[in-house]
Amino acid sequence: MHFTLQERNKTWMPAINLSIVGLVVYIMAWPVSSMDVLVHNQINVLNGTMVRIQCIFTSCYKMDVNKFAMNWTYQENTNETEEMFMTYKKGMMPLRTDRFSDRVQFVGNLEKNDLSITLSDVQLSDEGVYNCYVRNPPDRIQGHGIINMFVVTELPPPRDSTIAVAIGASVGGALALLILSMVVVKCIRRHKKQELISDEQKMEEEGKLDAEGGPEEGTKQL
């Protein structure tokens, strides 16, 4: 069943407040990994229009185009099988499918870790779950962004739309900055830890060399 945006807006304000509280609690309680994927968890799209589906990742490691991998998949709901429609392995490869045909285009920027796509001439049948998977070795964690897209047949009144967009933009921007700052802190800590490990390994190796060199020097003195 499909609803209009005007019907959805009646419950948007309480839902937005609960989502903000829940998301902040989740971020503060859950440790930030070195790989994070930033997406809009839910988007509402007008039937027959074009939509940009955002996917931006953050990582402690610079992207290596020869090792980097990314997949976009679609599923009607979380219980259905995923259908891949775009992949990256040493190059971006849109996969032509019966569902999307040639309506999907990559519009991101790899240099800015932007993996966003556009879907043109959105149909009611395009409603579902869109998954953005990211691998950026040597990071061992696979990033995963989940976007629930709802297709509607009517736009809400302008004032309701403006309020929703303003709230969404401000909340999204604040959360993005919070997550980015936490990732930077974790990256700094990781690099410091790696430096300490390297120093310890170096001292260990020097100790072994001293131990091996001792008897030789004693023999020369004799």
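Residues numbered from 1 in each chain as written. Predicted model: local features only at pLDDT ≥ 70, side-chain atom pairs only at ≥ 80, totals over all residues. Heavy atoms only, no water.

## A word on the environment of E82
Residue placement: E82 occurs in the loop between strand 5 (69-75) and strand 6 (83-89). Classification of E82 as partly exposed rests on a relative accessible area of 36%. Apart from the residues within four sequence positions on either side, E82 is in contact with T73, Y74, Q75, N131 and Y133. Reaching out from E82, the side chain makes a polar contact with the side chain of T73 at a distance of 2.6 Å. A distance of 2.8 Å separates the side chain of E82 from the side chain of Y133, its partner in a polar contact. (Helix = DSSP H or I, 4+ residues; strand = E, 2+ residues; numbered from the N terminus. Buried < 20%, exposed > 50% of the residue type's maximum accessible area, 1.4 Å probe, protein only. Contact = heavy atoms within 4.5 Å. Polar contact = N/O pair within 3.5 Å; in protein donor to acceptor, adjacent residues only side chain to side chain.)

## Describing the packing of aromatic side chains
With the rule as written, the count across this model stands at eight aromatic pairs. A network of ring pairs unites the aromatic residues W72, Y74, F85, F100 and Y130 as a single cluster. (Phe/Tyr/Trp six-rings, centres within 6.5 Å; stacked < 30°, edge-to-face > 60°.)

## Concerning unusual backbone geometry
Apart from glycine, the bulk of residues carry a negative phi angle, and the bulk of peptide bonds sit in the trans form. P138 follows P137 through a cis peptide bond whose omega is 10°. Backbone geometry places S101, a non-glycine residue, at a positive phi of 55°. Locating S101 in the fold gives a position in the loop between strand 7 (92-94) and strand 8 (104-106). Using a relative accessible area of 30% as the deciding quantity, one classes S101 as partly exposed. Phi at N113 takes a positive value of approximately 60°, unusual for a residue other than glycine. Here N113 is to be found in the loop between strand 8 and strand 9 (117-119).

## Digging into the state of the cysteines
Applying the stated criterion across every chain yields a total of one disulfide. With its sulfur 2.0 Å from that of its partner, C55 forms a disulfide with C132. Across the disulfide from C55 to C132, rotation about the S-S bond amounts to roughly -80°, and the bridge is consequently left-handed. Taken together, the positions of C55 in the loop between strand 3 (51-53) and strand 4 (56-59) and C132 in strand 10 (residues 128-135) put the pair 77 residues apart, joining distant regions of the chain. As far as burial versus exposure is concerned, C55 and C132 are alike and both buried. (Disulfide = S-S within 2.5 Å.)

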